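# Coordinates in review
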Amino acid sequence: MKKVKTTQPAVIVTELAPLTESFHIESNGTYQQWYYNNDGSYKPDRQITPLLLIPRITVYDPESRDTYRPLIVQPTAWTYRQGDSDTWHIIDVTESSEGAGAADYVMRNDFSLLVRKNVTSQSPVDIRCTLHYEDPRLQGKKYSVEMNVTLATNTDTSVLYPDILMDCPPMRRFNVVKDSVYDSARKMLKGLMTFSCRATKNLTDVSGGTYFVWFIRENGTEVLAENHPCYVSGQNTQLLTVDMMYSEYITVVCRGKQSSTASVFFPSQAVSEVSWETPNVNAVTKALNGTTIDSIDRPLYFGTILNMKRGNGISVLDDDTKKMHFLFNWKRRKANSSVKTDCGWGAELEIPSSAALDYNKISTQVFADVYTRGAYKAVTQNGESVTQNGEIVYERS
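These numbers come from a predicted model, not from an experiment. (Residues numbered from 1 in each chain as written. Predicted model: local features only at pLDDT ≥ 70, side-chain atom pairs only at ≥ 80, totals over all residues. Heavy atoms only, no water.)

## Focus: the overall build of the chain
- Across its full length, the chain holds three helices and 36 strands.
- A compact globule built from 397 residues should have a C-alpha radius of gyration of about 21 Å, whereas the chain, at 27 Å, is more than 25% larger.
- Projecting the C-alpha coordinates of the chain onto the three principal axes gives extents of approximately 90 × 70 × 45 Å.
- Taken across its 397 residues, the chain has 39% of its residues classed as buried. (Helix = DSSP H or I, 4+ residues; strand = E, 2+ residues; numbered from the N terminus. Rg over C-alpha atoms; globule rule 2.2 N^0.38 Å. Buried < 20%, exposed > 50% of the residue type's maximum accessible area, 1.4 Å probe, protein only.)

## Some points on the nonpolar core
- Ranked by internal contacts, the top residues of the largest apolar core, which has 44 residues, are Phe 195 and Trp 214.
- Grouped together as the second largest cluster of nonpolar side chains are 24 residues, Ile 72, Tyr 105, Val 149 and Leu 151 included. (Core = buried A, V, L, I, M, F, W, Y, C linked by side-chain atoms within 4.5 Å.)

## Describing a nonpolar patch on the surface
- Residues Val 284, Ile 305 and Val 316 make up a contiguous nonpolar surface patch of about 230 Å² in total accessible area.
- Its place among the elements puts Ile 305 in strand E25 (residues 300-310).
- A residue is classified by how much of its surface remains accessible, and Ile 305, at 30% relative accessible area, is partly exposed. (Patch = residues over 30% accessible without salt bridge, like charges linked within 9 Å, V, L, I, M, F, W, Y side chains within 5 Å. Areas by Shrake-Rupley, 256 points an atom, 1.4 Å probe, with all protein chains shown as cover. Salt bridge = Lys/Arg side-chain N within 4 Å of Asp/Glu carboxyl O.)

## Digging into the state of the cysteines
- The full count for this structure, using the stated rule, is zero disulfides.
- Its sulfur unpaired, Cys 197 is 3.2 Å from the next cysteine sulfur, which belongs to Cys 254. (Disulfide = S-S within 2.5 Å.)

## Some points on the pattern of salt bridges
- Evaluated as defined, the whole model comprises ten salt bridges.
- Salt-bridge contacts for Arg 81 lead to Asp 126; the nearest nitrogen and oxygen are separated by 3.1 Å. One end of the pair, Arg 81, is in strand E6 (residues 72-82); the other, Asp 126, is in strand E10 (residues 125-134), with 45 residues separating them in the sequence.
- By relative accessible area, which is 23% here, Arg 81 ends up partly exposed.
- Judged by its relative accessible area of 16%, Asp 126 is buried.

## Re the layout of surface pockets
- Each pocket or cavity is described by its volume, and for the largest pocket that value is around 1,700 Å³.
- What lines the largest pocket is a set of 47 residues, and nearest its centre among them are Thr 58, Thr 67, Tyr 68, Arg 69 and Glu 248.
- Counting only elements with at least two residues in the lining of the largest pocket, the list comes to strand E1 (20-27), strand E4 (51-61), strand E5 (66-68), strand E13 (171-174), strand E23 (269-276), strand E30 (364-372) and strand E31 (377-378).
- Residues belonging to the lining of the largest pocket are distributed by class as follows: 20 nonpolar, 13 polar and 14 charged.
- Here the second largest pocket is characterised by a volume of approximately 860 Å³.
- Taken together, 34 residues line the second largest pocket, and the ones lying closest to its centre are Pro 44, Thr 49, Ile 164, Leu 165 and Gln 269.
- Elements that contribute at least two residues to the lining of the second largest pocket include exactly strand E3 (41-43), E4, strand E12 (163-166), strand E16 (192-201) and E23.
- Broken down by element, the residue count for the lining of the second largest pocket peaks at four residues, all from E12.
- Looking at the lining of the second largest pocket, its residues break down into 19 nonpolar, eight polar and seven charged. (1 Å grid on protein atoms, 1.4 Å probe; cavity = no way out; pocket = protein on both sides within 12 Å on 5 of 7 lines; lining within 4 Å. Points joined across faces, edges and corners; volume = space filled by probe spheres on them. Nonpolar A, V, L, I, M, F, W, Y, C, P; charged D, E, K, R; others polar.)

## Observations concerning the pairing of strand E22 (residues 249-257)
- Of all the nine residues making up E22, nine are buried; the element is thus mostly covered by neighbouring parts of the structure.
- Burial along E22 is two-sided: Tyr 249, Thr 251, Val 253, Arg 255 and Lys 257 facing one way and Ile 250, Val 252, Cys 254 and Gly 256 facing the other are all buried.
- With seven bridges joining them, E22 and E23 adopt antiparallel strand pairing. The partner of Ile 250 across the bridge, within E23, is Val 274. (Pairing = 2+ DSSP bridges.)

## Describing the sheet that holds strand E11 (residues 142-156)
- If you walk across this open sheet you meet the six strands as E3-E2-E11-E10-E6-E7, and the pairing is mixed. The open sheet has two edge strands with one neighbour each: E3 and strand E7 (89-90).

## Concerning the packing of aromatic side chains
- Taken as a whole, this structure holds ten aromatic pairs when the rule is applied.
- Here the aromatic rings of Phe 215 and Phe 265 are separated by 6.0 Å at their centres, their planes lie at 75 degrees, and the arrangement is edge-to-face. Residue Phe 215 is found in strand E18 (residues 211-218), and its partner Phe 265 is found in the loop between E22 and E23; the two are separated by 50 residues along the sequence.
- Members of the aromatic cluster, each reached through a chain of ring pairs, are Trp 34, Tyr 161 and Phe 266.
- The lysine or arginine in question, Arg 172, covers the ring of Phe 195, its NZ or CZ lying 4.7 Å from the ring centre. (Phe/Tyr/Trp six-rings, centres within 6.5 Å; stacked < 30°, edge-to-face > 60°. Lys NZ or Arg CZ within 6 Å of the ring centre and 35° of its normal.)

## Examining unusual backbone geometry
- Residue Pro 44 is reached from Lys 43 by a cis peptide bond, and omega for that bond is -10 degrees.
- Tracing the backbone shows Pro 44 in the loop between E3 and E4.
- The peptide bond linking Gln 74 to Pro 75 adopts the cis configuration, its omega dihedral lying at 5 degrees.
- One can find Pro 75 in strand E6.
- Even without being a glycine, Arg 65 presents a positive backbone phi close to 65 degrees.
- Along the polypeptide, Arg 65 turns up in the loop between E4 and E5.
- A relative accessible area of 67% places Arg 65 in the exposed class.
- With a phi angle near 55 degrees, Asn 202 is a residue other than glycine that sits in the positive phi range.
- Along the chain, Asn 202 turns up in the loop between E16 and strand E17 (204-205).

See below:
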């Protein structure tokens, strides 16, 4: 045998479909401040309550129709320019930098930006986030997006308006496994959370003379609370109730004005964010009828044990809880191979012994990829919400 030629190579090129990006900046407060000449104060005062800017990005793959929250990576950066200047300044102060506790701008480890600067009315500040993220389909492939926000200040020379305060932390977590309960009447889960607000002026409670209006913000869009699926009750009162089974992340905003007919809100507002907490579970495959093949006619059955950690405690989830909150994609592979065979979805798995039988005594590994179910979403058909008895039908996926 004699080699005579090497064929001309065929070049294989990777060309993934472009991702559709949804990028916005969330905040724990308003971008607009007020400065009061009568006492020289800012409302809100960012030296006391810093503004937190949080980049949020999701991407959609039109090929697989999957939605991802991609990994934010370096060199994600924040810059700012002030007044009429065209010069953008890089914010290089981080949480570990010397003097970070008093700096006007601090870039945090999670790529959010802490702002302590009170902006003068004559010199607004533009802040830009240049975010880099990794393509979830192709490790090492990076893309970037940009967005600006403007911080400005209004000057009030006469009236001292009430401060709107919320009696809860600015950021809260919702654990769908622990914090939800089953509503047997509606045959659905509910996860109620309440938000209490008040209005004060010179340390005096003036809530009785304040007309409260609640808003809910999600994915950069803000609506009146009653127009959001999470809303339960409390619009125009001091106590708002929401159901967190209908969104994995929302921002609740409370504003106030002198009356229901007043056209202008007070400068102050109260903000609190709620996000789902990913359950911290340890998943174990359980062989329900043994792991030894002693008959080719005997099927093998498998289930799971989920141990959930919260704080210092560990609890074993029962079967009903697992079915309610988790999905299991079963797979198997030979111990000497990296090839995984998909065995389908379900709380339990049944496979014939022949599928794992190996006369060379090479063992077979059976396991499940565990997924958490998401929030309720409206069921749609031909672009329209499906209704039953006049109500929108929701389901979890």
